[in-house]
Amino acid sequence: MKSSQQRGAVRPQVRGTDRSLARRAELIAIGRKLFADTSYDTLSMDDIARHAQVAKGLIYYYFKSKRGYYLAIVEDSVADLVTSAATGLDLPPVERVHRTIDRYLHYAEHNQAAYRTIVSGGVGFDAQVHAIRDGVREAILTTIAEGAYGRRDIAPLVRTGLLGWVCGVEGVTLDWIDRPVVSRDTMCDLLAKTLGGTLRAIEELEPAYTAPPPARRPT
C-alpha cells in the first residue's frame, strides 16, 4: 500500500470551495484541541459550539452530526501520524523505526481521547473507526517491514508476527497513557527491543527473513 493510499484511508477527500474548505479545516483544528484529552460523551454540541465560538448550526452544516465532527477530527489527527510513518525513507532503517515508535507514542500521549477511540474501535462495531485503526496499523507494519527487510511484500507468517507486535504496542500504549510513570524515551526503547524479539522469532520460523543486525543477539 502506498503512502497516498494510506493517507486516503484515514483522511477522505472533501469537496467544496476554498473558503468552505478553509472554514472546515479551522473547525477541525479547534476540535483537535478540544477533544485532545476530552472524551466524546463529555461534550455536548452546545459545549462544542461555545468553545469554538460559532453557531451550532455551522458544525451541523459541515459535519452533519456530533459523531461526524468527532470522526473528522480523529481522521485528520491520525492522518498526520500515518504520513509521518510513511516518510523518512532517507533515514537509516533503525533510526526510521525508532522515530516511528516515538511519534506513535507522542501522538497517543497528546491525543489520548482520540487514541482510546481508535484502539477500542468506537462504540460497538464502528466500521469507520475500525477503518481508521486499520490504516494506522498498516502504516506502522509497512514501516517496520521496510526497515527490517527492505520490502513491503512479506510472507503471511511474517505479517502475522509483525501485526501481533503492533497490536501489543496498542495495549501497552493504552496502559502507558493511563499510568505514565515511564518516560517516553524508555517506552520507545522497550518497544524497539520487543520488536527485536519478534524479528528473531520470525527468523526462526521463516529463515528467509533474516533479522537485521540491530535485532540480533550477541554471539
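What you see is a predicted model, and the numbers here were worked out from it, not measured in a lab.

Novice: Sorry if this is basic, but what is going on with helix H10 (residues 184–205) here?
Specialist: Quick reminder: α-helices carry 3.6 residues per turn. Residues three or four places apart thus point the same way. Taking 1.5 Å of rise per residue, 22 residues should cover 32 Å, and H10 covers 32 Å from first to last C-alpha, within 8% of that figure. All of the buried residues along H10 are Met187, Cys188, Leu191, Ala192, Leu195, Gly196, Thr198, Leu199, Ile202 and Glu203.

Novice: Would you explain the side chain of Glu170 in this entry?
Specialist: Locating Glu170 in the fold gives a position in helix H9 (residues 156–178). Excluding residues that lie within four positions of it along the chain, Glu170 makes contacts with Tyr104, Tyr115, Val119, Arg133 and Arg137.

Novice: Before we go on, may I ask you to explain the pattern of salt bridges in this structure?
Specialist: A side chain of one charge can pair with a side chain of the opposite charge if their charged atoms are brought near each other. Enumeration over the complete set of coordinates arrives at 14 salt bridges. A salt bridge links Arg32 to Asp76; the nearest nitrogen and oxygen atoms lie 3.0 Å apart. Taken together, the residues span a long stretch of sequence, with Arg32 in helix H2 (residues 18–34) and Asp76 in helix H5 (residues 66–86) at a distance of 44 residues. Two residues, Arg184 and Asp102, come together in a salt bridge whose shortest N-O distance is 3.1 Å. A residue pair is termed long-range when its members are at least 10 positions apart, and Arg184 in helix H10 and Asp102 in helix H6 (residues 93–110) qualify at 82 residues. Among the residues examined, Arg184 registers a relative accessible area of 24% and is labelled partly exposed. Its relative accessible area of 22% is what places Asp102 among the partly exposed residues.

Novice: Just to check I follow, could you spell out the packing of aromatic side chains for this structure?
Specialist: In this description, a pair of aromatic rings is defined by centroid distance and the angle of the planes. Taken as a whole, this structure holds five aromatic pairs when the rule is applied. Ring centres of Tyr61 and Tyr62 lie 5.0 Å apart, and the angle between their planes is 85 degrees; on these two criteria the pair is classed as edge-to-face. Taken together, a centroid distance of 4.8 Å and an interplanar angle of 50 degrees make the contact between Phe63 and Tyr69 tilted. For Phe63, a relative accessible area of 5% gives the class buried.

Reading the values: the criteria
Residues numbered from 1 in each chain as written. Predicted model: local features only at pLDDT ≥ 70, side-chain atom pairs only at ≥ 80, totals over all residues. Heavy atoms only, no water. Helix = DSSP H or I, 4+ residues; strand = E, 2+ residues; numbered from the N terminus. Expected span 1.5 Å × (residues − 1). Buried < 20%, exposed > 50% of the residue type's maximum accessible area, 1.4 Å probe, protein only. Contact = heavy atoms within 4.5 Å. Salt bridge = Lys/Arg side-chain N within 4 Å of Asp/Glu carboxyl O. Phe/Tyr/Trp six-rings, centres within 6.5 Å; stacked < 30°, edge-to-face > 60°.

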